[in-house]
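Tertiary structure, described
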Amino acid sequence: MALFEAERLHMRFGHRVVLEDISLAVEEGELAGIMGPNGAGKTTCFNVLTGRYRPTRGRVTFAGEDITGLPPYAIARKGVARSFQLMNLFNDFTARENAAVALPAMRARGFDMARDAAADPALAGAADAVLERVGLGGKGHVVAKNLSYGDRRALEIGVALAAVPRVLFLDEPTSGLGAEATARLAGLVKSLKGSVTMVIIEHDMAFLFGLADRISVIHWGQVIARGAPAELRENPWVRASNLGKLT
Amino acid sequence: MLAAPRTGLVTPAMLFAFALFASLPLWIGAVGLYPYLGVEILIWALYALSFNLLLGYTGLPSFGHGAYFGIGAYAFGLAQLNLAANLWICLAAALAAAAVAGALVAAFISHRRGIYYALMTICFGQVLWFIAIKAHAVTGGEDGLLKIARLPADFGVAAFDLSGNTSLYYFVFAIFALLAMALWRLVHSPFGRILQAIKQNETRATFVGYNVWLYKFSAFTISAALSGLCGGLFAMAQASAYPDVMSLHYSGYVVMMTLVGGGFVSFWGPVVGAATFFLARDVIGALTTSWMLWFGLLFMLVVLFRPEGLAGLWQDLRAGRFRPRAAARAGLLAILKR
Amino acid sequence: MQPLLDLLPHLLNGLTLGLLFALIALGFMLIVGVMEQINLAHGSLFALGAYVALVIVGPENLPEPLRAAWAAVPVGWRYVTALVFAPLLVAVVGMGIELCMRRTYGKDPLYGLLLTFGAAMVLEELIRVVWGTRDYVLPLPGDISGGFIFQGLIWSTYRFYAAAFAIAAILAVWLFIERTPYGAIIKAGAHDSEIVRALGINLSRLRLFVFALGTALAALAGIIMAPIWGIRPHVGVDAVVPAFLVIVLGGIGSFWGAVLAGIAVGLVVGLTGAYASEWSLLSMYLLLIAVVTFRARGLFGKKSVLEA
């Protein structure tokens, strides 16, 4: 049984059909890639899978449980985390505070109005560990809006990781990153592979093809191709489109 | 800040503020003022602190907050006249009535923010104000509820008569100190931290697993409840409760003093703002009846040029980051050139 | 149960109110369309219009030699002068607010909200300082005031004229927006400010002008409304609410949608006045609460700058 499954998702905004009969299945420990041209519906797909939108039709299942239409915070609490294409950080918080607020330990004490959040060394320690993992060790005290772009991208993923998710959705994590930062990110994703199930939307083909176990190609709201990277390289549509500048 | 040393129950700033206020009756006469001013300042300072929980910490603009202050005042008076002339019961009634009203309104508005939120709070504020004026039988209409007495503070082992301004002041100070400490703990607790996260990025807060609606609902209800308690103290202090405090005009006062004082960047900002407001009223008001106009203009200037307010200015000064007036003038020119 | 015929004067009231609400809302909508912010002080400018008209009409505000001369002018002409010049003067104040708002444009919308809220407070306080809190009455020419009896019901003469003025103003705005090049620029600016800039039009000046126009409309509505609502410092809030209702109900950008929505709101207020006169204004606030609770995106579902 797949850990995360989408069955025949159909999403319509007014008269516009954005997703049409999308089905996906992600096995535990797998790294699934999603690619496709701009406006294909990739981010909308993410939004439906993580609860931001309720699909017009279709079902989303996580660990056997039907999560269709649940509010995003409820889905997140079940162990689904996501990062955003346009960064969504807590800009006035430090990097450490950004990570800390996502920790399950913090979430568990959400309505604690009396105890001092700063007094718990376990929180700070866990937050620092996350920062270390994404390459921000030592920058915990820097306010998020003052971090460099590359560091903010790393923090964007860090916040999602801090929640100790079972499934991690990354929306174009290499967006705007240079070669070195992209390589670092690839290293991070590789290190997470196996322990965290991941679904990654990407435009950077080399990045995705080098890491994903299976990739789905979405175009005009439909899955037009699916398979392991090697198979997709042979796919006539992928080859014909200018999606891939593959080495 | 998580890396900072453990935030204590009391801090140096808090001790300074408490010392200043605790000693007020001793020196207030010497500076040409009077103890009742201290009572007003402390009540409104606490009101502003409660208000800032919403504005400064959660980023929610409540422009009709006077309604809950007023409900608390009326509840205090009505409890005294109809339930029991017991200070604790009346204060509890003020807190409870405002909490209920706040919760009802919060249920309607907590899924919004920004302009819709502000607008809804204005609408609810106006509706409640209107009801207060029209419900003659209960509230005394435009004349208000009169003959509200200063009930003695009976602790069982000892009772204190609060009819004198100085003794009332110490009572209000005690409540202020207790609740200020409680609010200080609250904003540094996980709950407070999550409110701040919601202020910065509601979307991310949701996707990280927080029921943002519930947090906004709670913040509003708590804020309204404490505002109501302040209203109760106010009713007792001036022996009456009247609809004016629920009007949009009055609701604007707490917004202005909170921001001018520096509520956006400092916990104590609202206290500074309340003190500034009342000092302006008495000192500048003695010179001109249009002091309120100048305060309003000051508010607009603060929003435009120094949103960190007086407390923020103090923080900048201490860190040596004070920008000279030339920068402000440059800012003004930039506006005209755009 | 009130016989239907008795409702007619209230319906007329409602229609008149509605047309004036539409006028306020049009000014508001023009501003919201071209700017990125909501101006909470719009209502205060409405109120200011009535007060400034009061000053213009009343001869007691002039120095001695002019006073007698102005008092000798028939009240009708004085009223028309006020109707023309008061909105212009208030438009200047509106432009001042726009200049202040500029600094908040790129920032968190909370600042714009706080600024215009502050402006509303300052304007209301200004009114209190200058004119006090008592109710004033705007002198009207005898011909258009008073009432008459028709078909056994009491009708207010002024309501007819007020409705007529409002219709004339609305048509004038329509002509301006739809039939002049300036109007076309404003529509373009509301639709896409980037294009306007690319066409070489000074966006800042456009915004300033639109703000002035919107303010003038609010002030004009304030003058026409003065004999109906009375002149008090806090009528400002009562004017902003219908403006919001109209754009929430009708969406930003539809001219006739705004007019229809305005009339609808006015009719609700007017009819409430028939059954529970004290609560008629409150019906507006309750209506806004209901509309925002159940259908915040307007009946046409368009996303707007209000979605913060």
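This text follows the structure it describes.
First, a word on what this report is: a plain description of the structure on this page. (Residues numbered from 1 in each chain as written. Chains lettered and ligands numbered in written order. Predicted model: local features only at pLDDT ≥ 70, side-chain atom pairs only at ≥ 80, totals over all residues.)

1. Looking at the overall build of chain A
- Along its length, chain A carries 10 helices and 10 strands.
- A compact globule built from 247 residues should have a C-alpha radius of gyration of about 18 Å, and chain A, at 18 Å, falls within 12% of that.
- Considering only C-alpha atoms, chain A reaches an extent of 55 × 40 × 35 Å along its principal axes.
- When each of the 247 residues of chain A is scored for burial, the buried share is 45%.
- Within chain A, contacts between residues separated by at least 24 positions form 65% of all contacts whose residues are at least 6 apart in sequence. (Helix = DSSP H or I, 4+ residues; strand = E, 2+ residues; numbered from the N terminus. Rg over C-alpha atoms; globule rule 2.2 N^0.38 Å. Buried ≥ 20, exposed ≤ 12 C-beta atoms within 10 Å, placed from the backbone. Contact = placed C-beta atoms within 7 Å.)

2. A closer look at the overall build of chain C
- Per the secondary structure count, chain C includes 12 helices and 2 strands.
- For chain C, whose C-alpha radius of gyration is 19 Å, the value lies close to the compact-globule estimate of 19 Å for 308 residues.
- Projected onto its principal axes, the C-alpha positions of chain C cover 60 × 55 × 35 Å.
- Across the 308 residues in chain C, those meeting the buried criterion constitute 48%.
- The long-range share in chain C, meaning contacts at least 24 apart out of those at least 6 apart in sequence, stands at 79%.

3. Here we look at the interface of chain B and chain C
- Contact with chain B, which involves 38 residues of that partner, is made by 36 residues of chain C.
- Counting residues per element, the ones that place at least two in the side of chain B that touches chain C are α6 (114–134), α12 (248–261), α14 (291–305) and α16 (325–337) of chain B.
- At 13 residues, α6(B) tops the list of elements feeding residues into the side of chain B that touches chain C.
- Broken down by class, the residue content of the side of chain B that touches chain C amounts to 27 nonpolar, 8 polar and 3 charged. (Nonpolar A, V, L, I, M, F, W, Y, C, P; charged D, E, K, R; others polar.)

4. Focus: unusual backbone geometry
Residue and element names in this part refer to chain A.
- Phi angles above zero are rare outside glycine, and Val164 is one such case at about 50°.
- By the element assignment, Val164 lies in the loop between α6 (149–162) and β7 (167–171).
- By C-beta crowding, Val164 is classed as partly exposed, having 14 other C-beta atoms within 10 Å.
- Phi is positive for Trp220, which is not a glycine, with a value near 50°.
- Tracing the chain through its elements places Trp220 in the loop between β9 (214–219) and β10 (222–227).

5. Digging into the pairing of strand β8 (residues 197–201) of chain A
Residues and elements named next belong to chain A.
- The buried count for β8 comes to 5 of 5 residues, which makes it a mostly enclosed element.
- Neither face of β8 is left uncovered, since the one carrying Thr197, Val199 and Ile201 and the one carrying Met198 and Ile200 both have all their residues buried.
- Bridging between strand β3 (residues 31–35) and β8 involves 4 bridges; their strand directions are parallel. Bridge pairing in β8 places Ala32 opposite Val199.
- For β7 and β8, the ladder comprises 5 bridges, and the chain directions are parallel. Residue pairing across strands places Leu170 opposite Ile200, the latter belonging to β8.
- In this fold, β7 hands off to helix α7 (residues 179–192), which returns the chain to β8; that crossover is right-handed. (Pairing = 2+ DSSP bridges. Right-handed = clockwise from strand over helix to strand, strands pointing away.)

6. Structural notes on the interface of chain A and chain B
- If you look at the interface, chain A gives 38 residues, while chain B gives 26 residues.
- Sorting the residues of the side of chain A that touches chain B by element identifies α2 (72–77), α3 (95–102), α4 (104–108) and α5 (121–133) of chain A as the ones contributing at least two each.
- With 5 residues, the single largest contributor to the side of chain A that touches chain B is α3(A).
- A class-by-class count of the residues in the side of chain A that touches chain B yields 21 nonpolar, 7 polar and 10 charged.

7. Looking at the sheet that holds β7(A)
All names here are of chain A.
- Ordered in space as β6-β7-β8-β3-β9-β10, the 6 strands form an open sheet in which the pairing is mixed. For this open sheet the edge positions go to β6 (80–82) and β10, each flanked by a neighbour on one side alone. Between one strand axis and the next, the sheet turns by 20° as a mean value, whatever way the strands run.
- The sheet strands contacting helix α1 (residues 42–49) are β3, β6, β7, β8 and β9, and the helix crosses β7 at an angle near 150°. (Axes fitted to C-alpha atoms, helices over the stretch in contact; angles between N-to-C directions.)

8. Describing the nonpolar core
- The biggest cluster of nonpolar side chains holds 307 residues, and the ones touching the most others in it are B:Phe76 and C:Leu23.
- In terms of residue count, the dominant contributor to this core is helix α9 (residues 203–229) of chain C (16 residues).
- Not counting the four nearest positions on each side in its chain, C:Leu23 is found in contact with C:Ala166, C:Ala169, C:Ile170, C:Leu217, C:Leu220 and C:Ala221. (Core = buried A, V, L, I, M, F, W, Y, C linked by C-beta atoms within 7 Å.)

9. A few points about the sheet that holds strand β5 (residues 65–66) of chain A
Residue and element names in this part refer to chain A.
- Read across the open sheet, the 4 strands follow the order β2-β1-β4-β5; overall the sheet is antiparallel. Both outer strands of the open sheet, β2 (16–26) and β5, are each paired with one neighbouring strand and no more.
- Examined bridge by bridge, strand β1 (residues 4–13) and strand β4 (residues 57–62) share 5 bridges and lie antiparallel to one another. Within β4, the position partnered with Phe4 by the bridge is Phe62.
- The strands touched by α1 within the sheet are β1, β2 and β4, with β2 carrying the most contacts at an inclination of about 65°.

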